[in-house]
Amino acid sequence: MSTYSKNVLRLFFVSFISGLIFCSCVNTREAVYFNNVPDQSLNINPDEEQKIVPNDILSITVTSLNPEASVIFNNSSPNNPSATPGYLVDQDGYIQFPVLGKLKVSDLTKKQLTDTLRASLMDKKLLVDPVVSIRYLNFRVTVLGEVLKPTVVSVPNEKISLLEALGMAGDLTIYARRDNVTLIRDENGKRLIKRINLNDGEIFNSPYYYLKSNDIIYVEPNKTKISSSQPLRQNLPIILSGLSLLAIIFTRINY
């Protein structure tokens, strides 16, 4: 084999290895959660109860010692099976409740509304010692972007952490930016956009660790994923294969 042919093969080999490194280059440190978290015991503060907002759908169940008197306050009663389950909070923050009429419920917590309904039913002598139970029917969060299974997560127990939501979406892919996860939340008439760094252990102390109903989580792709979608990066294996074939043909001719 001539010296020129050997130089060509050497150049091709270096180019091929460089291409492989370029294709597979991923910063493993950036792919790890909570890099700086030592062994420790953290105090868990009770999270603030979420307030009712327009477009929430509430399940309100009223029971008492007199089932016949209570049934009218339950819009999913056996006597009215066609009724739409739940009370939709309108844009002004009201619901239409049987007998009591139009009630302002926005900006109240479930406990506050429970106490208000119970007191109203007793003050008007509609029920004796009623039990009021309230649940959200539309408590859900949306997870989008670089996760295995983008999804809308329904939350029956009305409590979910950011990590649980990501886990239910199949976890972040290797191409996800763990240092720049975006939380989008509508709160008090404003749209909050918060960047969260999952590489930092401070997430456990963050007020955004627990999610609220209708939160949206967006996971941004990293530079590796973005560059891999470019035409040159996508066609690099084909280009390298073609160069390999040309190098073999060239060396055979000059052998």
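Overview of the structure. (Residues numbered from 1 in each chain as written. Predicted model: local features only at pLDDT ≥ 70, side-chain atom pairs only at ≥ 80, totals over all residues. Heavy atoms only, no water.)

Time to look at the nonpolar core. Of all hydrophobic cores here, the largest spans 42 residues; its most connected members are Ile60, Phe97, Leu117, Leu166 and Ile217. Every element with two or more residues in this core is listed here: strand 1 (57–63), strand 3 (94–97), helix 3 (110–123), strand 5 (131–136), strand 6 (140–145), helix 4 (162–168), strand 8 (176–187) and strand 10 (216–221). (Core = buried A, V, L, I, M, F, W, Y, C linked by side-chain atoms within 4.5 Å. Buried < 20%, exposed > 50% of the residue type's maximum accessible area, 1.4 Å probe, protein only. Helix = DSSP H or I, 4+ residues; strand = E, 2+ residues; numbered from the N terminus.)

Right, let's get into the pairing of strand 4 (residues 101–104). The pairing of strand 3 with strand 4 spans four bridges and is classified as antiparallel. Looking at strand 4, one finds that Tyr94 is bridged to Lys104. Following strand 3, the chain reverses through three residues before pairing antiparallel with strand 4; Val99 in that reversal takes a positive phi of roughly 70°. (Pairing = 2+ DSSP bridges.)

With the rule as written, the count across this model stands at five aromatic pairs. On the numbers, 5.5 Å between centres and 40° between planes, the contact of Tyr87 with Phe97 is tilted. Here Phe97 lies in strand 3 and Tyr87 lies in strand 2 (residues 87–88), a separation of ten residues in the sequence. Residue classification places Tyr87 among the buried residues on the basis of a relative accessible area of 7%. With centroids separated by 5.9 Å and ring planes inclined at 50°, the aromatic side chains of Phe204 and Tyr209 adopt a geometry described as tilted. Every member of this aromatic cluster is reached through a ring pair, and the members are Phe73, Tyr87 and Phe97. (Phe/Tyr/Trp six-rings, centres within 6.5 Å; stacked < 30°, edge-to-face > 60°.)

Now for the pattern of salt bridges. The tally for this structure, following the rule as stated, stands at eight salt bridges. Lys110 is the salt-bridge partner of Glu158, the closest N and O atoms lying 2.4 Å from each other. Remark: Lys110 occurs in helix 3 and Glu158 occurs in the loop between strand 7 (151–154) and helix 4; sequence separation between them is 48 residues. Of the charged contacts, one joins Arg185 and Asp215 as a salt bridge, the two residues approaching to 2.7 Å between their closest N and O atoms. Taken together, the residues Arg185 in strand 8 and Asp215 in the loop between strand 9 (190–196) and strand 10 connect sequence positions 30 residues apart. Both residues of the pair, Arg185 and Asp215, count as buried. Here the residues in one salt-bridge network are Arg177, Asp179 and Glu220, joined through shared partners. (Salt bridge = Lys/Arg side-chain N within 4 Å of Asp/Glu carboxyl O.)

Read across the open sheet, the three strands follow the order 2-1-5; overall the sheet is antiparallel. Here the strands that pair on one side only, and so sit at the sheet edges, are strand 2 and strand 5. Sheet analysis places strand 1 next to strand 5, joined by six bridges and oriented antiparallel. Paired with Leu58 across the strands is Tyr136, a residue of strand 5.

The topology assignment puts Leu166 in helix 4. Residue Leu166 is classed as buried on the basis of its relative accessible area, which comes to 2%. As for Leu166 and Thr151, which are separated by 15 residues in sequence, their C-alpha atoms are 9.6 Å apart. Non-local contacts of Leu166, meaning those with residues more than four positions away in its chain, are made with Val143, Val147, Asp171, Leu172, Leu198, Ile217 and Val219. (Contact = heavy atoms within 4.5 Å.)

Another point: the environment of Pro67. Following the sequence through the fold, Pro67 ends up in helix 2 (residues 67–70). Relative accessible area serves as the criterion here: at 51%, Pro67 is assigned to the exposed category.

Attention now goes to the sheet that holds strand 8. A sheet is described by the order of its strands in space; here five strands give the open sequence 7-6-10-8-9, paired in mixed fashion. The open sheet has two free edges, formed respectively by strand 7 and strand 9, since each of these has just one partner strand. Ignoring which end each strand starts from, the neighbouring axes of this sheet average 20° apart. Summarising the sheet, strand 8 and strand 9 pair through seven bridges and their orientation is antiparallel. Looking at the pairing, Glu187 lines up with Lys190 of strand 9. (Axes fitted to C-alpha atoms, helices over the stretch in contact; angles between N-to-C directions.)

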